[in-house]
Amino acid sequence: TLFGTNAEEKKREKFRKEREEMMSASEQLFKKRPPKGSRRSVHEPSTRLDRVPPADVVKPMFDVTWGPLIGTLSQVLESTTNDTIIALCLSGFVYSIRLSSHSDMSLARNT
């Protein structure tokens, strides 16, 4: 093998596993949805929404946005000399790491 090929293969394998976990989680969310024909009245309280943990809502959104978010923060950090903007970018990295750790997203956390 060429230099770096093994590392690339490991990274691809981690990415594949992370993608499978995302697909499985999405499938579970779709299975929890009520049937299409069953509509509740406007005045009926939503018990389904009261039972959804915030992590179940945040993780799918962060799965989609973490790559562009890290790229944007990196670009802004490299192109500015403003201390306030630098602090905001670093805070963005910290919160991204926290979200990925809390959501067990090893690929995003290690990137």
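Residues numbered from 1 in each chain as written. Predicted model: local features only at pLDDT ≥ 70, side-chain atom pairs only at ≥ 80, totals over all residues. Heavy atoms only, no water.

> I would appreciate a short explanation of the overall build of the protein in the present structure.
From N to C terminus, the protein includes five helices and zero strands. When its helices and strands are written in sequence order, the protein yields α-α-α-α-α. Every one of the 111 residues in the protein was classed for burial, and the buried ones make up 14%. Counting contacts in the protein only where the partners sit at least 6 residues apart, residues at least 24 apart contribute 55% of the total. (Helix = DSSP H or I, 4+ residues; strand = E, 2+ residues; numbered from the N terminus. Buried < 20%, exposed > 50% of the residue type's maximum accessible area, 1.4 Å probe, protein only. Contact = heavy atoms within 4.5 Å.)

> How should the pattern of salt bridges be read in this particular structure?
Side chains that differ in charge, positive against negative, can pair when their charged atoms come close. Counted under the stated rule, the structure contains two salt bridges. Notably, a salt bridge pairs arginine 16 with glutamate 13, separated by 2.4 Å at the nearest N-O pair. Of the two residues, arginine 16 and glutamate 13 both sit in helix 1 (residues 5-32), three residues apart, roughly one turn of that helix. With relative accessibility at 31%, the residue glutamate 13 sits in the partly exposed group. The salt bridge partner of glutamate 20 is arginine 16, with a shortest N-O separation of 2.3 Å. (Salt bridge = Lys/Arg side-chain N within 4 Å of Asp/Glu carboxyl O.)

> How should helix 4 (residues 83-102) be read in this particular structure?
For the α-helix, the turn length of 3.6 residues means that residues three or four positions removed from each other point alike. Spanning 20 residues, helix 4 covers 29 Å between terminal C-alpha atoms, matching the ideal 28 Å at 1.5 Å per step. Three or more residues of helix 4 are buried, namely Cys89, Gly92, Phe93, Ser96 and Ser100. Considered in projection along helix 4, the buried side chains sweep an arc of 95° and stay on one side of the axis. Within helix 4, the exposed residues directed more than 90 degrees away from the buried face are Asp83, Thr84, Leu88, Tyr95, Arg98 and His102. (Expected span 1.5 Å × (residues − 1). Arc of directions from axis to C-beta.)

> Please explain the side chain of aspartate 63 as it appears in this structure.
Topologically, aspartate 63 is positioned in helix 3 (residues 54-79). The side chain of aspartate 63 is buried and forms no salt bridge, while lysine 59, the nearest opposite charge, is found at 5.2 Å. Not counting residues up to four positions away in its chain, the partners in contact with aspartate 63 are Met22 and Met105. (Lys, Arg positive; Asp, Glu negative; His and termini not counted.)

> What is the right way to look at a nonpolar patch on the surface in this model?
A cluster of nonpolar side chains, namely Val57, Val58, Met61 and Leu99, defines an oily patch on the protein surface of about 300 Å² accessible area. Here the element with the most residues in the nonpolar patch is helix 3; it accounts for three residues. A relative accessible area of 43% means that valine 57 is categorised as partly exposed. (Patch = residues over 30% accessible without salt bridge, like charges linked within 9 Å, V, L, I, M, F, W, Y side chains within 5 Å. Areas by Shrake-Rupley, 256 points an atom, 1.4 Å probe, with all protein chains shown as cover.)

> Help me out: how do you make sense of the environment of serine 26 in this one?
Secondary-structure assignment places serine 26 in helix 1. Using a relative accessible area of 29% as the deciding quantity, one classes serine 26 as partly exposed. Put simply, serine 26 and aspartate 56 are 30 residues apart on the chain and 9.6 Å apart in space, counted from C-alpha to C-alpha.

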